[in-house]
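Take a look at the letters that make up each chain.
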Amino acid sequence: MFYETDEHHHDAGGSTMLGFWLYLMSDCLIFAMLFASYGVFGGSYAGGPQPHEIFELPLVALNTSMLLLSSITYGFAMLAMNDGKVRAVQGWLAITGLFGLAFLCIELYEFANLIHEGAGPQRSAFLSSFFTLVGTHGLHVTFGLIWLVTLMVQVGRKGLIAANQRRLQCLSLFWHFLDVIWIGVFTFVYLLGVLR
């Protein structure tokens, strides 16, 4: 019989970060499929409106700036976390949440406006794939905001303990991941759509 006498040491939270990276990779696959679907169906208008007729680039640019600014303020929250400043972390997270909420409100306004003009997801394959891709991203932002508020409560109660710092790092990865996906949406869906 063989018994291992030396136990392997694992850093606390190491498996959490690995698991979260695996989750992000699976999310990448989901968005890759949605982008591919849009690439296939994005030209099927079925006699309905085309991208250059319905997309308002100034509004989308404003929306993009809200998300990018939220990414910058989250970066400031991480810097404050490294300095151990609980109040500063809370403040930057709150500002990040407000930018994220503004992004969602603008996106919902755009969706409502399109549906009001008769360009809902049932109108054509192009619009179905558009609403699915952009809506899925919006759902991710919504979950990110819920996660952010939850973390603000946890940091307020327990401070910047190791577990909360690890959670903030995971949300940071998630939030920047959403930025990268949105830049792809802005370029591939909106910009190229208007230029067609």
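Structural data are supplied above this passage.
Residues numbered from 1 in each chain as written. Predicted model: local features only at pLDDT ≥ 70, side-chain atom pairs only at ≥ 80, totals over all residues. Heavy atoms only, no water.

1. Observations concerning the overall build of the protein chain
Check the secondary structure of the protein chain and you find six helices and zero strands. Secondary structure elements of the protein chain, listed N to C terminal, follow the sequence α-α-α-α-α-α. Based on the C-alpha atoms only, the size of the protein chain along its principal axes is roughly 70 × 50 × 25 Å. Residue pairs at least 24 apart in sequence account for 81% of intrachain contacts in the protein chain once pairs closer than 6 positions are excluded. Carbon and sulfur atoms provide 68% of the accessible area of the protein chain, an area that totals close to 10,600 Å². Averaging the locations of the 8 positively and 12 negatively charged side chains of the protein chain gives two centres separated by 10 Å. (Helix = DSSP H or I, 4+ residues; strand = E, 2+ residues; numbered from the N terminus. Contact = heavy atoms within 4.5 Å. Areas by Shrake-Rupley, 256 points an atom, 1.4 Å probe, with all protein chains shown as cover. Lys, Arg positive; Asp, Glu negative; His and termini not counted. Charge placed at Lys NZ, Arg CZ, Asp CG, Glu CD.)

2. Digging into the side chain of Ser124
Mapping Ser124 onto the fold places it in the loop between helix 4 (86-116) and helix 5 (125-158). Judged by relative accessible area, which is 5%, Ser124 ranks as buried. Sequence-distant contacts of Ser124, defined by excluding residues within four places in its chain, comprise Ser44, Tyr45 and Ala46. (Buried < 20%, exposed > 50% of the residue type's maximum accessible area, 1.4 Å probe, protein only.)

3. Section: a nonpolar patch on the surface
A contiguous nonpolar surface patch, about 350 Å² in accessible area, is contributed by Leu69, Ile72, Phe76 and Leu79. Relative to the elements of secondary structure, Leu69 occurs in helix 3 (residues 57-82). With relative accessibility at 35%, the residue Leu69 sits in the partly exposed group. (Patch = residues over 30% accessible without salt bridge, like charges linked within 9 Å, V, L, I, M, F, W, Y side chains within 5 Å. Salt bridge = Lys/Arg side-chain N within 4 Å of Asp/Glu carboxyl O.)

4. Observations concerning the packing of aromatic side chains
Describing an aromatic ring pair means giving the distance of the ring centres and the angle of the ring planes. Considering all chains together, one arrives at 19 aromatic pairs under this definition. Judged by centre distance (5.9 Å) and plane angle (85°), the rings of Phe130 and Tyr190 are edge-to-face. Linking Phe130 in helix 5 with Tyr190 in helix 6 (residues 162-195), this pair joins segments that are 60 residues apart in sequence. For Phe130, a relative accessible area of 0% puts it in the buried group. (Phe/Tyr/Trp six-rings, centres within 6.5 Å; stacked < 30°, edge-to-face > 60°.)

5. Concerning the packing of helix 3 against helix 4
Angle between the axes and distance between the axes: these two values describe a pair of packed helices. Taken N-terminus to C-terminus, the directions of helix 3 and helix 4 make an angle of 165°; their axes are 8 Å apart at the nearest point. In terms of orientation, helix 3 and helix 4 fall into the roughly antiparallel class. The way helix 3 lies across helix 4 gives a crossing that is left-handed. Class assignment for the residues of the contact of helix 3 with helix 4 results in 21 nonpolar, five polar and two charged. (Axes fitted to C-alpha atoms, helices over the stretch in contact; angles between N-to-C directions. Parallel < 35°, antiparallel > 145°, perpendicular 65-115°, else oblique. Left-handed = near helix turned anticlockwise from the far one by under 90°. Nonpolar A, V, L, I, M, F, W, Y, C, P; charged D, E, K, R; others polar.)

6. Some words on the state of the cysteines
Under the counting rule described, the total for this entry stands at zero disulfides. You can see Cys28 has no disulfide; the closest cysteine sulfur is in Cys170, sitting 15 Å from it. (Disulfide = S-S within 2.5 Å.)

7. A look at the nonpolar core
Most often, soluble globular proteins keep nonpolar side chains buried together rather than apart. Counting 51 residues, the largest nonpolar core has Phe130, Leu168, Trp182, Val185 and Tyr190 as its most contacted members. Looking at which element gives the most residues to this core, the answer is helix 6, with 13 residues. With residues near it in sequence (within four places) discarded, Phe130 still touches Tyr38, Phe55, Glu110, Phe111, Leu114, Gly135, Val189 and Tyr190. (Core = buried A, V, L, I, M, F, W, Y, C linked by side-chain atoms within 4.5 Å.)

8. Overview of the environment of Gln165
Relative to the assigned elements, Gln165 resides in helix 6. You can call Gln165 partly exposed: its relative accessible area is 26%. Note: C-alpha distance between Gln165 and Val155 (10 residues apart in sequence) is 8.8 Å. Once residues lying within four places of it in the same chain are set aside, the contact partners of Gln165 are Met81 and Leu160.

9. A look at the environment of Gly156
Assignment of secondary structure puts Gly156 in helix 5. Along the sequence, Gly156 and Gln90 sit 66 residues apart, while their C-alpha atoms lie 7.7 Å from each other.

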